[in-house]
Amino acid sequence: MVDGIRTLVPVAKVGHIGLYRNEETHQPVVYYCKLPEDVQKRLVIVTDPMLATGGSACDAITMLKERGCHNIRLMCLVGAPEGIERVQKEHPDVDIYLAAVDEKLNENAYIVPGLGDAGDRIFGTK
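These figures come from a predicted structure and were not determined experimentally.

Here the protein shows a mean pLDDT of 91. Residues at 70 or above account for 94%. Per-element confidence in the protein is highest for helix 3 (residues 81-90), whose mean pLDDT is 98, and lowest for helix 4 (residues 118-123), whose mean pLDDT is 66.

So, in structure tokens, the structure goes:
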């Protein structure tokens, strides 16, 4: 998703907030955060292929706000109603852009029908 945005906005600066989901608790775990020095002065577009529970998105947005960011958007390919609701509740000031909204989350907090695990798809870990 970042490559696509950089094609449209070649002068965009890119930061990275690395989160993964604990498979037992379904809670996000932060493993990396590197942002441009002037991030608080910019429009920040948080990209995530899938918005499932909303935990990772909410944590990333909170981290940005703690660093002084106020102009934040969330852009995802596929979302579930549960994740959308959580982001809207915790961050009502953040607009959400989705290509598609799927039916629901299953018992393992995966989007149904969904696309599978985005990290596994990107990094070939399964």
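Now that the structure has been shown, we can carry on.
Our next topic: the sheet that holds strand 4 (residues 72-79). What the three strands build is an open sheet, ordered 3-4-5; its pairing is parallel. The sheet terminates laterally at strand 3 (44-51) and strand 5 (95-101), the two strands that pair on one side only. Each strand of the sheet is rotated relative to its neighbour by a mean of 15 degrees, with strand direction disregarded. Sheet topology note: the strand 4/strand 5 ladder contains six bridges and is parallel. Considered in strand 5, the bridge of Arg73 is made with Asp95. The sheet contacts of helix 2 (residues 55-66) involve strand 3 and strand 4, and relative to strand 3 the element is tilted by about 165 degrees. Against the sheet, helix 3 touches strand 3, strand 4 and strand 5, its axis set at about 175 degrees to strand 5.

What counts and what doesn't
- Residues numbered from 1 in each chain as written.
- Predicted model: local features only at pLDDT ≥ 70, side-chain atom pairs only at ≥ 80, totals over all residues.
- Heavy atoms only, no water.
- pLDDT = per-residue confidence, 0-100.
- Helix = DSSP H or I, 4+ residues; strand = E, 2+ residues; numbered from the N terminus.
- Pairing = 2+ DSSP bridges.
- Axes fitted to C-alpha atoms, helices over the stretch in contact; angles between N-to-C directions.
- Contact = heavy atoms within 4.5 Å.

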